[in-house]
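Each chain, written out:
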Amino acid sequence: MKLQSKNRLRATALGALAVSGALVLTACGSDNNSGSTGGSGEKTTAGKTIKCDDAEGKLLASGSSAQKNAMDLWVKNYMAGCTGVEINYKSSSSGEGIVAFNQGTVGFAGSDSALKPDEVEDSKKICKGGQGINLPMVGGPVALGYNLDGVDDLKLDASTIAKIFNNKIKNWNDEAIAKLNPDAKLPDKPIQAFHRSEDSGTTQNLGKYLSATAKADWPYEAEKKWPAPGGQAASGSAGVAAQVKQEDGAIGYFELSYAASQDISTLKIDTGAATPVEATSENASKAIAAAKVAGQGKDLALKLDYATKAEGAYPIVLVTYEVVCDKGNTPETLGTVKSFLTYAAGADGQKLLSDAGYAPIPAEINAKVRETVTSLN
């Protein structure tokens, strides 16, 4: 079972590398290969049409490390099509991205959770006559990756996951884990649980899942700051994944793309459905497809069902938002923001996500995102 899971992850990683490699070649090609300009500011590159429109100069953005791998692909493809435009996305954390946005130092921010009311209020100082809004752009599973020598397959339920990260279950051969994995040869080995060191939307999404499904074992509010005692901290999703990769007995949480690129095994979750659910883009899409728009006006924040028991629906999912001003955007960067986000939310941009371990945003919601981007001013 573990070999099959790893093969799927390898295929995903190779797909992402193949896409990335193709984009690098496109960006480095001759003028004849890099694209042609249409009469309306459209450029065709690698068989794709990108509307460069009024895009120009340099656009700074920052935030969520969860969407870094998707953003890297988008930026490479976009800059290959819109020559002379530079997109610089700094992968840090959702919290840092929102702070930068509300300080007016970036054109947009990436966040794994929607703006809180006080953050919206702060944004009004930057968005003259408007406010910050959430545009869902990337979806995907938050994988629970583990490194446990000799264990071919691992299943956990919400209560057991909560107790592990709450420092209540400390050994891999604990009775609760053994009961869920009767055929596994669980070692008598300490669990090394890793979490994010900085404020993180990925942490908050894991907290929302545990709060919805294991409240008795996870008595914390779902916040971006890690709330539980014990465990070990690492910076960013890449840092947590790296620690899990190198430490036998480790477990941590990060986006599937990090597990795929580093060949890290991921556990299946017993949701109460007939079959434990694996962290895949397809299974995450089943959960995200049931999301409802909870935001008001142009705000498209989503409400996810973390307690889903639908067959094949992976419950620990996140949606990464691009945070922008609905009104009052900086004139110097508005054209580039609209052009770039139109591409990312378009068919070509969303098509890249599955190959990189993410899940495209459902078509109905995605259409609203593109409509909203067009209306930014």
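Everything here concerns the structure above.
Residues numbered from 1 in each chain as written. Predicted model: local features only at pLDDT ≥ 70, side-chain atom pairs only at ≥ 80, totals over all residues. Heavy atoms only, no water.

(A) Seen up close, the environment of aspartate 199. Secondary-structure assignment places aspartate 199 in the loop between β9 (192–196) and α8 (201–213). Remark: the alpha-carbon pair of aspartate 199 and serine 92, spanning 107 residues in sequence, is separated by 9.7 Å. Sequence-distant contacts of aspartate 199, defined by excluding residues within four places in its chain, comprise Ser93, Ser94, Gly95, Lys224 and Lys225. (Helix = DSSP H or I, 4+ residues; strand = E, 2+ residues; numbered from the N terminus. Contact = heavy atoms within 4.5 Å.)

(B) Structural detail: the pattern of salt bridges. Within this structure, the stated rule accounts for nine salt bridges. Linking glutamate 223 and lysine 116 is a salt bridge whose minimum nitrogen-to-oxygen distance equals 4.0 Å. Note that glutamate 223 is positioned in the loop between α8 and β10 (232–234) and lysine 116 in the loop between β6 (108–111) and α5 (117–123), a separation of 107 residues in sequence. Looking at glutamate 223, the relative accessible area reads 37%, which means it is partly exposed. The exposure class assigned to lysine 116 is partly exposed, which follows from its relative accessible area of 35%. Two residues, glutamate 119 and lysine 224, come together in a salt bridge whose shortest N-O distance is 3.9 Å. Pair noted here: glutamate 119 is in helix α5 and lysine 224 is in the loop between α8 and β10, with a separation of 105 residues, a long-range link. Since its relative accessible area comes to 12%, glutamate 119 is described here as buried. (Salt bridge = Lys/Arg side-chain N within 4 Å of Asp/Glu carboxyl O. Buried < 20%, exposed > 50% of the residue type's maximum accessible area, 1.4 Å probe, protein only.)

(C) Structural view of the pairing of strand β4 (residues 57–63). Taken together, the seven bridges between β4 and strand β5 (residues 85–91) define a ladder with parallel strand orientation. Looking at β5, one finds that leucine 59 is bridged to isoleucine 87. In this region the chain leaves β4, passes through helix α3 (residues 68–81) and returns to the parallel neighbour β5; the handedness of that crossover is right-handed. (Pairing = 2+ DSSP bridges. Right-handed = clockwise from strand over helix to strand, strands pointing away.)

(D) Up close: the nonpolar core. Residues Ile164, Phe165, Ile177, Tyr209 and Ile251 are the most contacted members of the largest nonpolar core, which totals 64 residues. In terms of residues, this core owes the most to one element, helix α6 (residues 158–165), which gives five residues. Other than its neighbours up to four places away in sequence, isoleucine 251 contacts Gly145, Tyr146, Leu156, Ile164, Phe165, Trp172, Ile191, Gln192, Ala193, Phe194, Val244 and Leu267. Listed in part, the 36 residues of the second largest apolar core include Leu73, Leu300, Tyr343 and Leu376. (Core = buried A, V, L, I, M, F, W, Y, C linked by side-chain atoms within 4.5 Å.)

(E) Broad picture of the packing of α6 against α8. Remark: α6 packs on α8, axes separated minimally by 9 Å, with the N-to-C direction vectors making an angle of 125°. Looking at the two axes, α6 sits oblique to α8. Here the hand of the crossing between α6 and α8 comes out left-handed. Contacts from Ala158, Ile161 and Ala162 in α6 reach Tyr209, Leu210 and Thr213 in α8. In terms of residue class, the contact of α6 with α8 is built from five nonpolar, one polar and no charged. (Axes fitted to C-alpha atoms, helices over the stretch in contact; angles between N-to-C directions. Parallel < 35°, antiparallel > 145°, perpendicular 65-115°, else oblique. Left-handed = near helix turned anticlockwise from the far one by under 90°. Nonpolar A, V, L, I, M, F, W, Y, C, P; charged D, E, K, R; others polar.)

(F) Seen up close, helix α14 (residues 363–375). The first and last C-alpha atoms of α14 sit 19 Å apart over 13 residues, in line with the 18 Å expected at 1.5 Å per residue. Structurally, α14 contributes buried residues whose contacts are with β7 (132–147), β14 (292–293), β15 (302–303), α12 (331–345) and α13 (347–355). (Expected span 1.5 Å × (residues − 1).)

(G) How the structure looks around the packing of aromatic side chains. As enumerated under the stated definition, the model contains eight aromatic pairs in all. A ring pair is formed by phenylalanine 108 and phenylalanine 340, whose centres lie 6.1 Å apart and whose planes are at 20°; its orientation type is stacked. Placement of the pair is phenylalanine 108 in strand β6 and phenylalanine 340 in helix α12, with a sequence separation of 232 residues. For the pair formed by phenylalanine 108 and phenylalanine 340, the shared burial category is buried. (Phe/Tyr/Trp six-rings, centres within 6.5 Å; stacked < 30°, edge-to-face > 60°.)

(H) Layout of the pairing of strand β11 (residues 250–255). Within β11, six of the six residues are buried, which leaves the element mostly enclosed by the surrounding structure. The pairing of β7 with β11 spans six bridges and is antiparallel. By the bridge assignment, alanine 143 is partnered in β11 with phenylalanine 254. For β9 and β11, the ladder comprises two bridges, and the chain directions are parallel. Bridging from a neighbouring strand, alanine 193 pairs with isoleucine 251 of β11.

Function-wise, these values are silent; they only describe arrangement.
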